[in-house]
Amino acid sequence: MYDQMTEQRKYSILKEIWGFTAFRSSQSEIIDRVLLGKDCLVIMPTGGGKSLCFQLPALLFDGLTVVISPLIALMNDQVTALKLSGVKVAAFHSNMTRNEQQDVERQLLQGEIKLLYVSPERANSAGFPDFLDKLKINLFAIDEAHCVSIWGNDFRPDYVLLNVLRDRFSHVPFIALTATADAATQQDICKQLHLTEPEIFVSSFERKNIFTESRPSEQKYKQVVEFLFKVPNQSGIIYCLSRKETEKLSLKLRQAGFNCDFYHAGMEPEERKRVQKDFQDDKIQFICATIAFGMGIDKSNIRWIIHYAMPKNLEGYYQEIGRAGRDGTPAKALLFYSWGDYIMLKKFIDDSQAKEDFKTVQYAKLERMWEFASANECRTNVVLSYFGEFRNEPCQHCDNCIHPPKSKEATTTAQKALSAVVRCKENVGLNLLIDVLRGSYRAEVREAGLDQIKTFGVGKDISFINWKIYITQLINQGFLRIDYTDGFKLKTTPLTHSVLFDGKKVQLVDLTYTDLVTEAPKPKQKKMMLEDELISKLKEWRSEQARQKQVPAYVIFADKVFENIAASKPLTRADLLMVEGIGKVKMEQYGADIIAIVQGFISNQELVKNVQGKTYLDTFQLYRQGLSPAEIAQKRELSETTIYSHFAYLYTKDEPIDLMQFITEDDITKVRTAWLLADKEMSLSAIAEHLISPMEFYKIRLSLAVIIKREKMER
Ligand code: ADP
Ligand code: ZN
């Protein structure tokens, strides 16, 4: 099955259907494994490009590929996107009418379908395997495979039954795919699905295009508004801890003039659907949501995620930020954290009915989440180590790598705080301690007699926020601890003594996040602004297409593709086809529209004289108005030879230009002979030297264009 031909077809289908020219990390190896008919398990982060791993082989096989996918919304989006790229694909799930199902069955029996998406319920239904027996099946793909394992974070009993299918079709390869599975879950997936000697492909979990940042929650509403001003029209999600918070925040931001809405599991299903759809169609810029929002969202142009409060573990956090930047272009993830969040999350665990050993795990996970949020080192490395990837080079896409926090010797500051804890008899929480340090006379301080102690007011010169940040670091460094069993009061540790009495030096970090907040957006260069303008023209066109076809905008073209177009400004079909992300079917469907938009845009840009190809475009437009080469030359104040060379160029770029009105077949034959004698030399004078009788240069040039094109077509 596997040979050089297949290798070539892999690439030609990749370009034809998806418009891509290269595979990402392990995609190619995974596809090879599948083509060899062997089982595998693929662990790849969200947005990594899992779907290609089974969709592309499906197109290389002569039979059918069956894809099991747990969410109808996700399934529908993939099906729509594939259809738009010209792939014969169908879905089977319970939301279809009997008629629709029969129609799909008929098409399957006639061998018209390459990919069939099926919900797990449907796959397990009686009669389904019998039906499959009538078809030629080449591959089963199990998407979201972690659902099969109770170790994963979304167990679905329906998934376990899929091993029945596996046993029945033991000769057909299975590929299981997921974005979340630690080592134990990976083994369990293989076991539960009865995979045969599966190869496990684990991709790095690093999301290089996501800029990760974490900030203390002080004045977070204000910080969020400032952030939002910098990302106008960019899709995003603000994750909140409670339903009520989503509603409150959304209302407040709407009143501030932002185009947003809220989403949580307590809403009516109809309303939830509407919000989700409006978001996917770019009608709502961003959603304030609980973590219920996200599963089933397959929107590739989400540009930012804000966590308005700290999530309960890093799995959740990483999955949530993973929803941004799926199209591979830069995205931002901003996390706000505070001791208040920590305490609340801790209480959730305390008050839950779960078994003690489960709680222990949850506490440990929360601890790691906190370490991540308050880390002063590369955040990406903290997350990666959590998922079992260890390394220590800086990632260069997190706040701590870009603006390394500067630590300074702050032993006196530390001593003040530690001494205050001791003098308050280890009987105060964080906020009260700071009030004491700053000499506040509020009632709670006075009633406890804390205004009488020696350290009262010794830390006036440090702001409340800074004290909070410093004390947090003292806790992280082990000089203080929080006693969860005693009202979250601050207590000393075995290390406290060393700072107070043994001269141990303490380093503290001043947070630099304020610099990031106030950092002015860089003035964009003119070129960038023009590109942005072209992108928004393309987006307008896309919205209209999406509306007509009733599909989400991003399945027509990803934002990334528009960026590529704006950067290269293709003026001809051939140039457009070179753009990454433009496949053959999309080219046929939309190529003319897009070229027209780009051409219209460029012609209107008096400023951009030097856009590559604009001169050809100007010539081409006059040609289409019926002007002769001499007339065009006169009008454009260029030589006629130049106009002919434009014609030759446009012709090689597949523009409809009829060269045969200027040359004859006889000319072509003569030039071809001379060209071969000149060892296929492309220089016109070299060819002229080998001609039997002299010929005008422009004719040589035009003939050469025809010859080259014919050669290409023969190959
Ligand atoms: P996953 O299912 O792993 O979350 P997808 O399969 O949806 O990820 O792919 C994420 C994005 O990456 C999509 O926009 C897809 O078109 C793009 N993509 C996948 N493979 C490639 C590739 N080889 N080159 C460029 N873009 C790719
Ligand atoms: Zn980093």
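Participant: Is there a simple way to think about the coordination of the zinc ion (ligand 2) in this case?
Facilitator: By definition of the ideal shapes, a tetrahedral metal site with four donors has angles of 109.5 degrees and an octahedral site with six donors has angles of 90 or 180 degrees. All of the protein donors around the zinc ion (ligand 2) are Cys378 (SG), Cys395 (SG), Cys398 (SG) and Cys401 (SG); their distances to the metal are 2.4 Å. Its four donor atoms give the zinc ion (ligand 2) angles of 102 to 121° at the centre, a pattern that matches the tetrahedral case. Mapped onto the sequence, the residues coordinating the zinc ion (ligand 2) show the spacing C-x16-C-x2-C-x2-C. Within this pair, whereas cysteine 378 is found in the loop between helix H16 (356-373) and helix H17 (379-386), its partner cysteine 395 is found in the loop between H17 and helix H18 (399-402), the two being separated by 17 residues in sequence. Summarising the burial analysis for this pair, cysteine 378 and cysteine 395 share the class buried.

Participant: Explanation requested: a nonpolar patch on the surface in the structure shown.
Facilitator: Together, Ile150, Trp151 and Phe155 line one region of the surface with nonpolar side chains, adding up to about 370 Å² of accessible area. Relative to the helices and strands, tryptophan 151 is located in the loop between strand S5 (137-142) and helix H8 (157-160).

Participant: Just checking my understanding: could you explain helix H35 (residues 697-714) for this structure?
Facilitator: Note that an α-helix has 3.6 residues per turn; residues three or four places apart therefore point the same way. Between the first and last C-alpha of H35 there are 26 Å, a value that for 18 residues agrees with the 26 Å anticipated at 1.5 Å per step. Of all the positions in H35, only Tyr698, Lys699, Ile700, Leu702, Ser703, Leu704, Ala705, Val706, Ile707, Lys709 and Glu711 are classed as buried.

Participant: Can you help me understand the domain arrangement of the protein in this one?
Facilitator: Quoted interface sizes are often the accessible area lost when the parts come together. The domain boundaries assigned to the protein delineate domain 1 (4-202), domain 2 (210-339 + 366-402), domain 3 (407-510) and domain 4 (522-606). Contacts between domain 1 and domain 4 engage 13 residues on the former and 18 residues on the latter. Summing both sides of the interface, domain 1 and domain 4 together bury roughly 1,100 Å²; the carbon and sulfur share of this comes to 55%. The largest share of the area that domain 1 buries against domain 4 comes from Lys15, Glu16 and Leu84, three residues that together contribute 48% of it. Linking domain 1 to domain 4 there are seven residue pairs in polar contact (both at pLDDT 80 or more). For the side of domain 1 that touches domain 4, the elements supplying multiple residues, two or more each, are helix H1 (4-18) and helix H4 (72-84). Per element, the largest residue contribution to the side of domain 1 that touches domain 4 is four residues, and it comes from H4.

Participant: So what exactly am I meant to see when it comes to the site of ligand 1 here?
Facilitator: In the neighbourhood of ligand 1, 14 residues make up the surrounding shell, with Ala22, Gly47, Lys50, Ser51 and Arg326 lying closest. Contact distances for ligand 1 include 3.1 Å between an oxygen atom and a backbone N or O atom of glycine 49. Within the side chain of serine 51, one N or O atom sits 2.3 Å away from an oxygen atom of ligand 1. Protein chains bury 81% of the 560 Å² of accessible surface belonging to ligand 1 in isolation. Of the residues assigned to the shell around ligand 1, the class counts are five nonpolar, six polar and three charged.

Participant: Before we go on, may I ask you to explain the pattern of salt bridges in this structure?
Facilitator: Two side chains carrying opposite charge are able to pair once their charged atoms lie near each other. Using the criterion set out here, one finds 39 salt bridges in the structure. Here arginine 542 makes a salt bridge to aspartate 282, at a shortest N to O gap of 3.9 Å. Within this pair, whereas arginine 542 is found in helix H25 (residues 526-549), its partner aspartate 282 is found in the loop between helix H13 (269-280) and strand S11 (286-289), the two being separated by 260 residues in sequence. Exposure remark for aspartate 282: the relative accessible area of 32% places this residue in the partly exposed category. Between lysine 347 and aspartate 351 there is a salt bridge whose closest N-O contact spans 3.9 Å.

Participant: Please clarify how the packing of aromatic side chains should be interpreted in this entry.
Facilitator: Where two aromatic rings form a pair, the distance of their centres and the angle of their planes describe that pair. Counted according to the given criterion, the structure contains 28 aromatic pairs. Look at phenylalanine 92 and phenylalanine 128: their rings are 6.3 Å apart centre to centre, the planes differ by 80°, and that puts the pair in the edge-to-face class. Taken as a pair, phenylalanine 92 in strand S3 (residues 89-92) and phenylalanine 128 in helix H7 (residues 128-133) lie far apart in primary sequence, 36 residues in all. In this structure, phenylalanine 92 and phenylalanine 128 share a single accessibility class: buried. Over the ring of tyrosine 221 we find lysine 252, and its NZ or CZ is 3.9 Å from the ring centre. The side chain of lysine 586 reaches across the aromatic face of phenylalanine 557, ending 5.2 Å from its centre.

Participant: How should the pairing of strand S9 (residues 235-239) be read in this particular structure?
Facilitator: Taken across its five residues, S9 has five buried, putting it largely inside the fold. Every second residue of S9 is oriented toward a common face, with Ser235, Ile237 and Tyr239 on one face and Gly236 and Ile238 on the other, all of them buried. The sheet contact formed by S9 and strand S12 (residues 302-307) spans five bridges and is parallel. Paired with glycine 236 across the two strands is tryptophan 304, which belongs to S12.

Participant: How do you make sense of the sheet that holds strand S1 (residues 40-43) when you look at a structure like this?
Facilitator: Two orientations exist for strands paired in a sheet by backbone hydrogen bonds: parallel and antiparallel. Spatially, seven strands are ordered S3-S4-S2-S5-S6-S1-S7 in an open sheet, and the strand pairing comes out parallel. Looking at strand neighbours, the two that pair on one side only are S3 and strand S7 (199-202), the edges of this open sheet. Mean inter-strand twist for the sheet, computed between neighbouring axes without regard to direction, equals 20°. Where S1 lies against S7, four bridges are found, and the strand directions are parallel. Bridging from a neighbouring strand, leucine 41 pairs with isoleucine 200 of S7. Sitting on the sheet, helix H3 (residues 51-60) touches strand S2 (64-68), strand S4 (115-118), S5 and strand S6 (174-178), and the angle it makes with S4 is about 140°.

Participant: Hey, could you run me through the sheet that holds strand S10 (residues 260-263) in this one?
Facilitator: With parallel pairing, six strands are arranged side by side in an open sheet as S8-S13-S12-S9-S11-S10. Strand pairing shows two members of the sheet lacking a second neighbour, strand S8 (210-216) and S10, which therefore form its edges. On average, each strand axis in the sheet is tilted by 15° relative to the strand beside it, whichever way the strands run. As defined by bridge partners, S12 adjoins strand S13 (residues 331-337) across four bridges and the pair is classed as parallel. Each bridged residue has a counterpart across the sheet, and for histidine 307 the counterpart in S13 is leucine 335.

Participant: Which parts of the structure should I look at to understand the environment of alanine 184?
Facilitator: Looking at the element boundaries, alanine 184 is found in helix H10 (residues 183-192). Spatially, the C-alpha atom of alanine 184 lies 45 Å from that of arginine 254, the residues being 70 residues apart in sequence.

Participant: Just to check I follow, could you spell out the packing of helix H31 (residues 629-636) against helix H32 (residues 640-652) for this structure?
Facilitator: Between two packed helices, the angle of one axis relative to the other and the distance separating the axes together describe the packing. Where H31 meets H32, the closest approach of the two axes is 8 Å, and the angle between their N-to-C directions is 110°. Considering their axes alone, H31 and H32 lie roughly perpendicular with respect to each other. The chirality of how H31 crosses H32 is right-handed. On the side of H31, the interface is formed by Pro629, Ala630, Ile632, Ala633 and Arg636, while H32 contributes Glu640, Ile643, Tyr644, His646 and Phe647.

Participant: Got a minute to help me understand the packing of helix H33 (residues 665-677) against H35 in this structure?
Facilitator: Following both chains from N to C, one finds H33 and H35 inclined at 80°, their axes separated by 9 Å at the closest point. Accordingly, the angle class assigned to the pair H33 and H35 is roughly perpendicular. Contacts from Glu665, Asp667, Ile668, Val671, Arg672 and Trp675 of H33 reach H35 at Lys699, Ile700, Ser703, Leu704, Val706, Ile707, Ile708, Arg710 and Glu711. Of the residues belonging to the contact of H33 with H35, the class tally is eight nonpolar, one polar and six charged.

Participant: Help me out: how do you make sense of unusual backbone geometry in this one?
Facilitator: A negative phi angle is the norm for most residues apart from glycine, just as the trans form is the norm for most peptide bonds. The residue glutamine 396 is not glycine, and still its phi comes out positive at about 70°. Tracing the chain through its elements places glutamine 396 in the loop between H17 and H18. Under the relative-accessibility criterion, glutamine 396 is labelled partly exposed at 48%. Positive phi, normally seen in glycine, also occurs at lysine 425, with a value near 60°. Within the element layout of this structure, lysine 425 appears in the loop between helix H19 (411-423) and helix H20 (430-437).

Cut-offs used in this document
Residues numbered from 1 in each chain as written. Chains lettered and ligands numbered in written order. Predicted model: local features only at pLDDT ≥ 70, side-chain atom pairs only at ≥ 80, totals over all residues. Heavy atoms only, no water. Donors = N, O, S within 2.8 Å, 3.2 Å for Na, K, Ca; no water. Tetrahedral: all angles 85-135°; square planar, octahedral: opposite > 155°, others 65-115°. Helix = DSSP H or I, 4+ residues; strand = E, 2+ residues; numbered from the N terminus. Buried < 20%, exposed > 50% of the residue type's maximum accessible area, 1.4 Å probe, protein only. Patch = residues over 30% accessible without salt bridge, like charges linked within 9 Å, V, L, I, M, F, W, Y side chains within 5 Å. Areas by Shrake-Rupley, 256 points an atom, 1.4 Å probe, with all protein chains shown as cover. Salt bridge = Lys/Arg side-chain N within 4 Å of Asp/Glu carboxyl O. Expected span 1.5 Å × (residues − 1). Domains from an automatic or database assignment. Contact = heavy atoms within 4.5 Å. Buried area = accessible area lost by both parts, 1.4 Å probe. Polar contact = N/O pair within 3.5 Å; in protein donor to acceptor, adjacent residues only side chain to side chain. Near = heavy atom within 4 Å. Nonpolar A, V, L, I, M, F, W, Y, C, P; charged D, E, K, R; others polar. Phe/Tyr/Trp six-rings, centres within 6.5 Å; stacked < 30°, edge-to-face > 60°. Lys NZ or Arg CZ within 6 Å of the ring centre and 35° of its normal. Pairing = 2+ DSSP bridges. Axes fitted to C-alpha atoms, helices over the stretch in contact; angles between N-to-C directions. Parallel < 35°, antiparallel > 145°, perpendicular 65-115°, else oblique. Left-handed = near helix turned anticlockwise from the far one by under 90°.

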